[in-house]
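Descriptive analysis of the structure
Chain residues, written in single-letter form:
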Amino acid sequence: MTSTPLAHGDLLDEVVITTEADVDALTEVYHRVHAEDLHLLDHSTPSASDRIRWTVEADGFEGALGYVAGELVGAVLGCPLPPETLWWRDLTSVTDTALTAEWPNRTFAVCEAFVLPEFRRHRLGVRMTTDLLDRRGEERVTLAVTETNTRVWHALQRLRFQHVGDLVPFPGWRSHRMLVRSLPLSASR
């Protein structure tokens, strides 16, 4: 576990990069972040707790946890994709199978990312994402964002993520945009 304190006066007190995480604490923050949308299948089936647990227990898990005044206010969680991954299944608009081929150390997947509403618009998500991904050794990173989440979509475009297709991650979920970009993030921002 590594901790990166911020300069005095920054909103985010610290970003902790870790290979272990408290699923219950993360789930509680997730539920606060998505309180108005918990009725949607995207946030309930499978449960947020199950999805966070799967990520935390995955081989190679690493997360960036953001704290303000000692309180967990957000997280970016992910893991490397194994060669036999189902991550790319049902991806639309893909004619190049080289995009979906996986091998060890090729792709890090951001599986969950969230920041409490009262701490948004301070680039906390960008800080956690950058701190996490700039230390990764994979060639690239991928993540999916709900097509209606324009705030995150625009932030990821500024970070030069490329839209490679759309998919529905689980039955009944809304369509998500699948994004990819090379690592490290800071190399070409």
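Procedures and definitions
Residues numbered from 1 in each chain as written. Predicted model: local features only at pLDDT ≥ 70, side-chain atom pairs only at ≥ 80, totals over all residues. Heavy atoms only, no water. Helix = DSSP H or I, 4+ residues; strand = E, 2+ residues; numbered from the N terminus. Buried < 20%, exposed > 50% of the residue type's maximum accessible area, 1.4 Å probe, protein only. Contact = heavy atoms within 4.5 Å. Areas by Shrake-Rupley, 256 points an atom, 1.4 Å probe, with all protein chains shown as cover. Polar contact = N/O pair within 3.5 Å; in protein donor to acceptor, adjacent residues only side chain to side chain. Pairing = 2+ DSSP bridges. Phe/Tyr/Trp six-rings, centres within 6.5 Å; stacked < 30°, edge-to-face > 60°. Lys NZ or Arg CZ within 6 Å of the ring centre and 35° of its normal.

Points about the overall build of the protein
When helices and strands are tallied, the protein shows five helices and eight strands. For the protein, the succession of helices and strands along the chain, N to C, is β-β-α-α-α-β-β-β-α-β-α-β-β. Seen through its C-alpha atoms, the protein measures out along the principal axes to roughly 50 × 40 × 30 Å. Burial status across the protein gives 46% buried among its 189 residues. Contacts in the protein between residues at least 24 apart in sequence constitute 67% of all its contacts with a sequence separation of at least 6. With an accessible surface of roughly 9,600 Å², the protein has 51% of that area assigned to carbon and sulfur atoms.

Re the environment of Ala101
Mapped onto the elements, Ala101 comes out in the loop between strand S4 (71–80) and strand S5 (107–115). In this structure, the C-alpha to C-alpha distance between Ala101 and Trp88, residues 13 residues apart in sequence, is 8.9 Å. Sequence-distant contacts of Ala101, defined by excluding residues within four places in its chain, comprise Arg106 and Arg140.

Thoughts on helix H4 (residues 124–133)
Summarising burial for H4: eight of the 10 residues are buried, a large majority. Among all positions in H4, only Leu124, Val126, Met128, Thr129, Thr130, Asp131, Leu132 and Leu133 are buried.

A few points about the environment of Asp131
Its location among the elements puts Asp131 in helix H4. Sequence separation between Asp131 and Ser186 is 55 residues, and the spatial gap between their C-alpha atoms is 9.6 Å. Looking at Asp131, its side chain comes within polar contact range of the side chain of Arg127, at 2.7 Å.

Structural notes on the pairing of strand S3 (residues 62–68)
Burial runs high along S3: six of the seven residues are buried. Connecting S3 to the next strand, S4, in antiparallel fashion are two residues, including Ala69 with a positive phi near 50°.

What about the packing of aromatic side chains?
Scanning all chains against the criterion turns up two aromatic pairs. For the pair Tyr30 and Phe114, a centre-to-centre distance of 5.5 Å together with 90° between the ring planes defines the contact as edge-to-face. Residue Tyr30 is found in helix H1 (residues 23–33), and its partner Phe114 is found in strand S5; the two are separated by 84 residues along the sequence. The two residues Tyr30 and Phe114 agree in class, both being buried. Taking the centre distance of 4.9 Å and the plane angle of 55° together, the rings of Phe170 and Trp173 count as tilted. Given a relative accessible area of 26%, Phe170 falls into the partly exposed group. Overall, the relative accessible area of 11% leaves Trp173 in the buried class. One residue, Arg177, lies across the ring of Trp153, its end atom 4.0 Å from the ring centre.

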